[in-house]
Amino acid sequence: MNRFLQVFLNYGLVAAIVVWAATVALMAYHLKESPWRWAFILLSLSGLGTIGVIFWIRKYVNRVSKVQQLGKAQ
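Please read all numbers here as calculations on a predicted model, not as lab measurements.

## Considerations on the side chain of S44
Thought 1: With respect to the helices, strands and loops of the structure, S44 is situated in helix α2 (residues 37-73).
Thought 2: With residues near it in sequence (within four places) discarded, S44 still touches A21, V24 and A25.

## Notes on α2
Thought 1: The end-to-end C-alpha distance of α2, which contains 37 residues, comes to 55 Å, matching closely the 54 Å that a straight helix rising 1.5 Å per residue would cover.
Thought 2: Burial in α2 covers these residues: F40, S44, G47, I51 and I54.
Thought 3: Looking at the buried residues of α2, the elements they touch are α1 (2-30).

## Some details on a nonpolar patch on the surface
Thought 1: Together, V53, W56, I57, Y60, V61 and V64 line one region of the surface with nonpolar side chains, adding up to about 560 Å² of accessible area.
Thought 2: Assignment of secondary structure puts Y60 in helix α2.
Thought 3: The exposure class of Y60 is partly exposed, given its relative accessible area of 43%.

## Structural notes on α1
Thought 1: End to end, α1 covers 41 Å across 29 residues, agreeing with the expected 42 Å (1.5 Å per residue, within 8%).
Thought 2: At Y11, α1 shows its largest bend, some 55 degrees.
Thought 3: Buried within α1 are the following residues: G12, V14, I17, A21, V24 and A28.
Thought 4: Against the buried residues of α1 lie α2.

## Quick word on the environment of K32
Thought 1: Considering the arrangement of structural elements, one finds K32 in the loop between α1 and α2.
Thought 2: For K32, a relative accessible area of 52% corresponds to the exposed category.
Thought 3: Between the C-alpha atom of K32 and that of S65, which follows or precedes it by 33 residues, the distance is 48 Å.

## Let's talk about the packing of α1 against α2
Thought 1: Their axes nearest at 8 Å, the elements α1 and α2 cross at an angle of 165 degrees. Between α1 and α2, the crossing angle belongs to the class labelled roughly antiparallel. Here α1 and α2 pass one another in a crossing that is left-handed.
Thought 2: Among the residues forming the contact of α1 with α2, the class breakdown is 18 nonpolar, four polar and two charged.

Analysis parameters
Residues numbered from 1 in each chain as written. Predicted model: local features only at pLDDT ≥ 70, side-chain atom pairs only at ≥ 80, totals over all residues. Heavy atoms only, no water. Helix = DSSP H or I, 4+ residues; strand = E, 2+ residues; numbered from the N terminus. Contact = heavy atoms within 4.5 Å. Expected span 1.5 Å × (residues − 1). Buried < 20%, exposed > 50% of the residue type's maximum accessible area, 1.4 Å probe, protein only. Patch = residues over 30% accessible without salt bridge, like charges linked within 9 Å, V, L, I, M, F, W, Y side chains within 5 Å. Areas by Shrake-Rupley, 256 points an atom, 1.4 Å probe, with all protein chains shown as cover. Salt bridge = Lys/Arg side-chain N within 4 Å of Asp/Glu carboxyl O. Bend = angle between axes of the 7 residues up to and from the residue. Axes fitted to C-alpha atoms, helices over the stretch in contact; angles between N-to-C directions. Parallel < 35°, antiparallel > 145°, perpendicular 65-115°, else oblique. Left-handed = near helix turned anticlockwise from the far one by under 90°. Nonpolar A, V, L, I, M, F, W, Y, C, P; charged D, E, K, R; others polar.

From the geometry alone we can't say anything about function, so treat these as descriptive.
What follows is the structure, given as structure tokens:
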């Protein structure tokens, strides 16, 4: 159960954003000839960009904490 909780805490927000972006993309797909179509496409792409930023921040925080741990060990 601890493994499930860890995966949920690490990737739950990412999964929620993926579901949201997919839903918005489907709405954009079904909006034929509507001026809102491009706005929905941009919202969907911004959701994917948000996921990229989340992973970049996670990588940065892991790198900084690793450097701090190596500094304390010396």
